[in-house]
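# Examination of the molecular architecture
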Amino acid sequence: MPGALEGIRILDFTQMMLGPYGTQLLADLGADVIKVERLDGEWERGLEMMGDLVAGESAAFLAMNRNKRSVAVDLKAPAVRDALLKLAATCDVVVENFRPGILDKLGLGYDDLKAVKPDIIYCSGSGWGQDTVFAKEKRPGQDLLIQAMSGLAAAGGRADDPPTPAGTSIVDASTALCLANGILAALLAKARHGLGQRVEVDLYSTAIALQCQEISAMVNQGQNWERSRAGIGQAWLSAPFGVYRAADGWIAIAMAPVAEVAGTLGVSALDELDAWADRDEIKDRLEAVTAGRTAGELVETLLGAGLWCARVRSTREAVDELREQGHDLIVEVEHPRAGKLELIGCPIRLSETPWQLRQAPPLVGEHTDEVLGEVLSAAEIAALREAAAAR
């Protein structure tokens with residue numbers, strides 16, 4: 001069965017999460033993604049998760065680089081530049097997330113690639129955009145820093161807590177999805193109109209866009225919001241939205257009328273309170289009741305009344321359940337060094353051209369000979385190795 005993107009070839013210069021997660025989605029859907037790494041491998045290969053690696057590789061790297069081929073080269077070597085231009089001429093898409101201007105200095109910028117492939121799609125991901133004030137200041141564009149600068153971190157947590165960032169790299173992941181969508185849109189435009197073009201995404205723009213609801217309320221209603229003292233789930237929502245203590249854990253209650261939640265739980269004397277203005281008092285009174293009941297009892301009672309709620313679970317509980325169910329989101333792959341790995345599969349489902357697990361995340365330069373052999377002779381590849389410009 002063909003992949004949806006079979007025949008699409010992508011030259012991938014990305015690292016960390018913004019690029020690799022986006023290109024992995026495209027690789028899962030059938031694209032031939034050629035990962036270009038430095039001689040000692042992408043930086044994230046050595047990123048310890050919880051203080052450890054998996055057979056010498058970062059769990060983060062393994063999570064975002066399957067179905068790709070790795071070429072390890074020295075980008076500063078002129079012969080490597082020439083080889084990569086030859087490769088680019090065979091590709092539909094080039095993706096990079098270096099600091100703005102780096103690939104231009106190496107002779108691998110948009111204009112350089114457009115000269116060898118006029119309809120190339122050239123996608124750049126960055127922290128702050130290509131020519132913004134912060135980009136020109138060369139500020140580091142990293143997920144936590146972007147959450148801090150965009151207002152996301154300040155909106156999380158209780159009023160007396162420090163700013164509380166998300167529990168995962170939410171801006172990186174969301175921007176990776178924008179990157180994949182932008183490339184798909186450009187591929188469609190190319191198929192329909194014969195156009196190559198630049199595609200640009202950046203973490204800061206995504207972080208602002210993620211707050212479109214809150215910003216719309218803020219600027220159009222002429223008011224700011226503050227975090228709730230008692231812990232309403234999001235700073236801009238009314239009670240009872242949030243997480244509540246149970247006798248044996250926690251539950252979450254989503255959008256629901258205060259009167260219905262209070263009536264279902266047997267909490268009286270809330271009718272005179274305003275869901276927004278008195279949200280902390282409402283939450284305190286509701287939590288005084290939920291704390292005396294088990295999470296299972298609360299969820300059964302509230303769901304039975306048609307109210308939106310769920311038990312708060314750990315990630316391990318969620319993954320164990322998926323595994324027990326045989327869910328296709330949990331996949332196994334045989335890694336040449338680590339052996340059997342469990343990874344999270346592609347969340348995109350297509351009925352006629354489903355994603356396929358073709359190969360494990362690559363070792364550094366595992367496919368250098370294979371890929372460069374498509375545009376160079378064996379002698380030319382040997383010369384690059386002799387000059388320590390390829391691995």
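Quick notes on the rules
Residues numbered from 1 in each chain as written. Predicted model: local features only at pLDDT ≥ 70, side-chain atom pairs only at ≥ 80, totals over all residues. Heavy atoms only, no water. Helix = DSSP H or I, 4+ residues; strand = E, 2+ residues; numbered from the N terminus. Buried < 20%, exposed > 50% of the residue type's maximum accessible area, 1.4 Å probe, protein only. Lys, Arg positive; Asp, Glu negative; His and termini not counted. Salt bridge = Lys/Arg side-chain N within 4 Å of Asp/Glu carboxyl O. Polar contact = N/O pair within 3.5 Å; in protein donor to acceptor, adjacent residues only side chain to side chain. Contact = heavy atoms within 4.5 Å. Core = buried A, V, L, I, M, F, W, Y, C linked by side-chain atoms within 4.5 Å. Phe/Tyr/Trp six-rings, centres within 6.5 Å; stacked < 30°, edge-to-face > 60°. Lys NZ or Arg CZ within 6 Å of the ring centre and 35° of its normal. Pairing = 2+ DSSP bridges. 1 Å grid on protein atoms, 1.4 Å probe; cavity = no way out; pocket = protein on both sides within 12 Å on 5 of 7 lines; lining within 4 Å. Points joined across faces, edges and corners; volume = space filled by probe spheres on them. Nonpolar A, V, L, I, M, F, W, Y, C, P; charged D, E, K, R; others polar. Axes fitted to C-alpha atoms, helices over the stretch in contact; angles between N-to-C directions. Parallel < 35°, antiparallel > 145°, perpendicular 65-115°, else oblique. Left-handed = near helix turned anticlockwise from the far one by under 90°.

## Section: the side chain of Glu214
Following the sequence through the fold, Glu214 ends up in helix α10 (residues 212–221). Despite its burial, Glu214 pairs with no opposite charge, the nearest such side chain being Arg279 at 11 Å. For Glu214, the side chain forms a polar contact with the side chain of Trp236, separated by 2.8 Å. The residues touching Glu214, leaving out its near neighbours within four places in the chain, are Trp225 and Trp236.

## Brief notes about the nonpolar core
Ranked by internal contacts, the top residues of the largest apolar core, which has 36 residues, are Ile10, Leu26, Ala31, Val93, Val95, Leu179 and Ile183. Sort the elements by how many residues they give to this core and helix α8 (residues 170–193) lands first, with 6 residues. The residues contacting Val95, other than those within four sequence positions of it, are Ile10, Leu11, Asp12, Phe13, Thr14, Thr23, Cys123, Leu179 and Ile183.

## Details of the packing of aromatic side chains
With the rule as written, the count across this model stands at 4 aromatic pairs. With 4.9 Å between their ring centres and 70 degrees between their planes, Trp128 and Phe134 make a pair best called edge-to-face. Note on Phe134: relative accessible area 23%, which makes it partly exposed. With a centroid separation of 5.2 Å and 40 degrees between ring planes, the pair formed by Trp128 and Tyr204 is classed as tilted. You can see Trp128 sitting in the loop between β5 (121–126) and α6 (133–136) and its partner Tyr204 sitting in helix α9 (residues 203–210), a full 76 residues away along the chain. Given the relative accessible area of 6%, Trp128 is considered buried. Counting every residue linked through ring pairs, the aromatic cluster contains Trp128, Phe134 and Tyr204. Against the face of Trp276 rests Arg279, its NZ or CZ located 4.4 Å from the ring centre.

## Notes on the pairing of strand β7 (residues 242–246)
Relative to strand β8 (residues 249–253), β7 runs antiparallel, the two being bridged by 5 bridges. Its bridge partner being in β8, Tyr244 is matched across the sheet by Ile251. Here β7 folds back onto β8, and the loop between the two strands holds 2 residues.

## Brief notes about the pattern of salt bridges
Applying the stated criterion across every chain, the model contains 28 salt bridges. In this structure, the salt-bridge partner of Asp328 is Arg349, at a minimum N-O distance of 2.8 Å. You can see Asp328 sitting in the loop between α14 (315–325) and β10 (330–335) and its partner Arg349 sitting in the loop between β11 (339–344) and α15 (368–372), a full 21 residues away along the chain. Taking relative accessible area as the criterion, Asp328 reaches 45% and is therefore assigned partly exposed. Through salt bridges with shared partners, one network takes in Arg9, Asp32, Arg69, Glu370 and Glu374.

## Overview of the layout of surface pockets
Considered as a void within the structure, the second largest pocket measures approximately 700 Å³ in volume. If you go around the second largest pocket, you meet 26 residues; those closest to its centre are Leu152, Ala155, Gly156, Gly233 and Gln234. Looking at side-chain class alone, the lining of the second largest pocket contains 12 nonpolar, 11 polar and 3 charged residues.

## Some details on the packing of helix α11 (residues 258–265) against helix α13 (residues 295–304)
In the contact formed by α11 and α13, the axes pass within 10 Å of each other and the chain directions differ by 125 degrees. Classified by the angle their axes make, α11 and α13 are oblique. Once α11 is placed against α13, the crossing between them reads as right-handed. Together, Val261, Thr264 and Leu265 of α11 and Leu298, Thr301 and Leu302 of α13 make up the contact between the two elements. Looking at the contact of α11 with α13 residue by residue, the class counts come to 4 nonpolar, 2 polar and no charged.

## Thoughts on helix α3 (residues 78–88)
Val80, Ala83, Leu84, Leu85, Leu87 and Ala88 are the residues of α3 that are buried. At its buried positions, α3 is contacted by β1 (9–12), β2 (32–37), α5 (110–116), α15 and α16 (378–386).

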